[in-house]
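Here's the letter readout for the chains.
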Amino acid sequence: MEISTSSTSDLQQHLIEITVEQEHRRNTGEHGGANAYLDLMNDETLRDHQLYVLREVTRRDAKARHHAFFTK
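These numbers were taken from a predicted model, which means no experiment stands behind them.

Parameters and conventions
- Residues numbered from 1 in each chain as written.
- Predicted model: local features only at pLDDT ≥ 70, side-chain atom pairs only at ≥ 80, totals over all residues.
- Heavy atoms only, no water.
- Salt bridge = Lys/Arg side-chain N within 4 Å of Asp/Glu carboxyl O.
- Helix = DSSP H or I, 4+ residues; strand = E, 2+ residues; numbered from the N terminus.
- Buried < 20%, exposed > 50% of the residue type's maximum accessible area, 1.4 Å probe, protein only.

## Some remarks on the pattern of salt bridges
If charged atoms from side chains of opposite charge come close, those side chains can pair.
Here comes step 1: Applying the stated rule across the entire model yields four salt bridges.
Here comes step 2: R59 serves as the salt-bridge partner of E56, at 2.6 Å between the closest nitrogen and oxygen. With E56 and R59 both in helix 3 (residues 43–70) and three residues apart, the pair spans about one turn of that helix.
Here comes step 3: The class for R59 is partly exposed, based on a relative accessible area of 44%.
Here comes step 4: The residue R60 makes a salt bridge to E56 at a minimum N-O spacing of 2.8 Å. Separated by four residues within a single helix, R60 and E56 lie in helix 3, roughly one turn from each other.
Here comes step 5: When its relative accessible area of 17% is taken as the criterion, R60 is described as buried.
Here comes step 6: E56 sits in the buried class, given a relative accessible area of 13%.
Here comes step 7: Here the salt bridges share partners, and the residues they tie into one network are E21, R25 and D43.

Function-wise, these values are silent; they only describe arrangement.
This is the structure:
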């Protein structure tokens, strides 16, 4: 997934996919296989990827709120 060109809603959906993969790994001890991209990542890399995507979503949301506040 290309982070810089993805919409915020796509990134939020990707965060849900990551969460589902992490939950599957915790419950079964195996990689989920539903998303080949996420399946290739080890636990630490998946967590780092999740944080990166979360920071990008948060940055975009904060920028929109900040802009709306000062344009009133």
